[in-house]
Amino acid sequence: MSAVTDRLPAFPWDKLEPYKKTAAAHPGGIVDLSVGTPVDPVPELIQKALIDAADSPGYPTVWGTPALRDAITGWLERRLGAREVTHRHVLPVVGSKELVAWLPTQLGLGPGDKVAHPRLAYPTYEVGARLARAEHVAYDDPTELDPEGLKLLWLNSPSNPTGKVLGKDELTRIVAWAREHGVLVFSDECYIELGWEADPVSVLHPDVNGGSYDGIVSVHSLSKRSNLAGYRAAFLAGDPAVLGPLLEIRKHGGMMTPAPTQAAVVAALGDDSHVREQRERYAARRAALREALTGHGFRIEHSEASLYLWVTRDESCWDTVAHLAGLGILVAPGDFYGPAGDRFVRVALTATDERIRAAVERL
């Protein structure tokens, strides 16, 4: 076991504990804006679907029910503009973090192979490469990477942590470059329905991929758009030549989305109204926090989409964390997402309206 854990970086969130204690000591209580975990209720129609499927004594299938695959393909065409998506183009997964962490291993990558991810990025991309003993490479522009040995290219739009969105032309250019060099593209699009000052586009859109899914897979989650983080509900969509082998591997590994969760996902993907309502909640929280932070002397960069504001006072991110902790507000230091974030903090919108108001008043 030590041989595996020795490959991993120190778990970053442990470093935040002292600041959490400081924030918790505030007379008005802590406002925790550090982790992007949903706090609003699971919509009733989704809860009902889960309850109705509670009597599920048999094993679920890794590929999911036909109803689930229908729901996924329908959503991809309706919401993302994908075309001619069949069941072979989709694969349910047990939450997206599991997929990100184990994908390089399941693809058979190892020493000598390279996995690339954005310079500011969700740390699990690097963790996945480390677990497979592959090399991890950070980029600003992936088309400037040396393609030699590069087997997996992670895109993330909208970005966690920055909220940056890759435009259609940029995605088209990157996909074309990756295909030219035989590099597999996985595009993490878990925040795609949470665009504010930009309209995020999927790599599945025909304007980006030219009507072909060869060499591209997108990753989607219901954690944020439907408040289903506790359900572990996500899926992949794209190249059947990639998803087919992954399905076989995951069958052997028993990586099955629970049957009640599958039923809940069918309900969630079939209803757009609850997504609009949740967006409105986040939009109001975002507007209030944005005004308060800029009034307090912060500068906001990117943040045109996703559930975070990427902010700076042009000082060490840990000085900013300490300052806000003194106000009872806990945020994530930018260096959790790479050295390039060492003068930024990530402020999540995932707190109740009451807690957001408290943060605004303190700022």
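From a predicted model like this one, the values you see are computed outputs, not experimental measurements. (Residues numbered from 1 in each chain as written. Predicted model: local features only at pLDDT ≥ 70, side-chain atom pairs only at ≥ 80, totals over all residues. Heavy atoms only, no water.)

### So, the nonpolar core
Let me state the cut-off plainly: Within this scheme, the nonpolar core is defined by two criteria: the residues are buried Ala, Val, Leu, Ile, Met, Phe, Trp, Tyr or Cys, and they are joined through side-chain atoms within 4.5 Å. Partly exposed describes any residue whose relative accessible area lies between the buried limit of under 20% and the exposed limit of over 50%, with all areas from a 1.4 Å probe on protein chains only and scaled to the type maximum. Residue contacts follow a heavy-atom distance rule, with two residues in contact if any of their heavy atoms lie within 4.5 Å.
Judged by nonpolar contacts, the single largest core of 64 residues is most densely connected at Leu33, Trp154, Phe186, Leu236 and Val347. Apart from residues no more than four positions distant in its own chain, Phe186 is found in contact with Leu99, Leu103, Leu152, Leu153, Trp154, Leu155, Val217, Val219, Leu236, Val242 and Leu246.

### Topic: the packing of aromatic side chains
The geometry of an aromatic ring pair is captured by the separation of the ring centres together with the interplanar angle, meaning the angle of the planes. What counts, and what does not: Working definition: rings of Phe, Tyr and Trp (its six-membered ring) pair if their centres are within 6.5 Å, and the pair is stacked with planes under 30 degrees apart, edge-to-face with planes over 60 apart, and tilted otherwise. Put simply, DSSP marks the helices as runs of H or I at least four residues long and the strands as runs of E at least two long, and each gets a number from the N terminus on.
Applying the stated criterion across every chain yields a total of 10 aromatic pairs. A centroid spacing of 5.3 Å and a plane angle of 40 degrees characterise the contact between Tyr19 and Trp318, whose relative ring orientation is tilted. In this pair, Tyr19 is assigned in helix α2 (residues 17-24) and Trp318 in helix α12 (residues 317-326), connecting sequence segments 299 residues apart. Its relative accessible area of 15% is what places Trp318 among the buried residues.

### Points about the environment of Tyr231
Looking at where Tyr231 falls in the secondary structure, it is placed in the loop between β7 (216-221) and β8 (234-238). Sequence separation between Tyr231 and Gly95 is 136 residues; the distance between their C-alpha atoms is 8.0 Å. Setting aside residues no more than four positions away along its own chain, Tyr231 makes contact with Val42, Ile46, Gln47, Leu50, Thr261 and Ala264.

### Considering the pattern of salt bridges
Definition in use: Take a side-chain nitrogen of Lys or Arg and a carboxyl oxygen of Asp or Glu: if they are within 4 Å of each other, that pair is a salt bridge.
All chains considered together, the criterion is met by 20 salt bridges. A salt bridge links Arg173 to Asp141, with the nearest nitrogen and oxygen atoms 3.4 Å apart. Taken together, the residues Arg173 in helix α7 (residues 168-180) and Asp141 in the loop between β4 (135-139) and β5 (150-156) connect sequence positions 32 residues apart. In this structure Arg173 comes out as partly exposed when scored by relative accessible area, which is 36%. A single network of salt bridges, built from pairs that share partners, joins Asp40, Arg285 and Asp353.

### Some points on the sheet that holds β5
What counts, and what does not: For two strands to be treated as a pair, DSSP must find no fewer than two bridges joining them. Axis geometry follows a simple rule: fit a line to the C-alpha atoms, using only the stretch in contact for helices, then measure angles between N-to-C directions, giving values from 0 to 180 degrees.
Within the open sheet, the 7 strands sit side by side as β2-β8-β7-β6-β5-β3-β4. Their pairing is mixed. The open sheet terminates on both sides in strands that have one partner only, identified here as β2 (90-93) and β4. Strand-to-strand twist across the sheet, computed as the mean angle between neighbouring axes with direction ignored, equals 20 degrees. Strand direction decides the pairing type here: β5 and strand β6 (residues 184-188), joined by 5 bridges, are parallel. The partner of Trp154 across the bridge, within β6, is Phe186. Where helix α4 (residues 66-80) meets the sheet, it contacts β2, β7 and β8, and its direction lies at approximately 110 degrees from that of β2. The strands touched by helix α6 (residues 124-131) within the sheet are β3 (114-118), β4, β5 and β6, with β4 carrying the most contacts at an inclination of about 155 degrees.

### With respect to the sheet that holds strand β12 (residues 332-333)
Reading across from one edge, β9-β10-β13-β12 is the order of the 4 strands in this open sheet, with antiparallel pairing throughout. Each end of this open sheet is capped by a strand with a single partner; those strands are β9 (299-301) and β12. One ladder, built from 4 bridges, connects strand β10 (residues 308-312) with strand β13 (residues 345-348); its direction is antiparallel. Residue pairing in the sheet places Val311 in a bridge with Val345 of β13.

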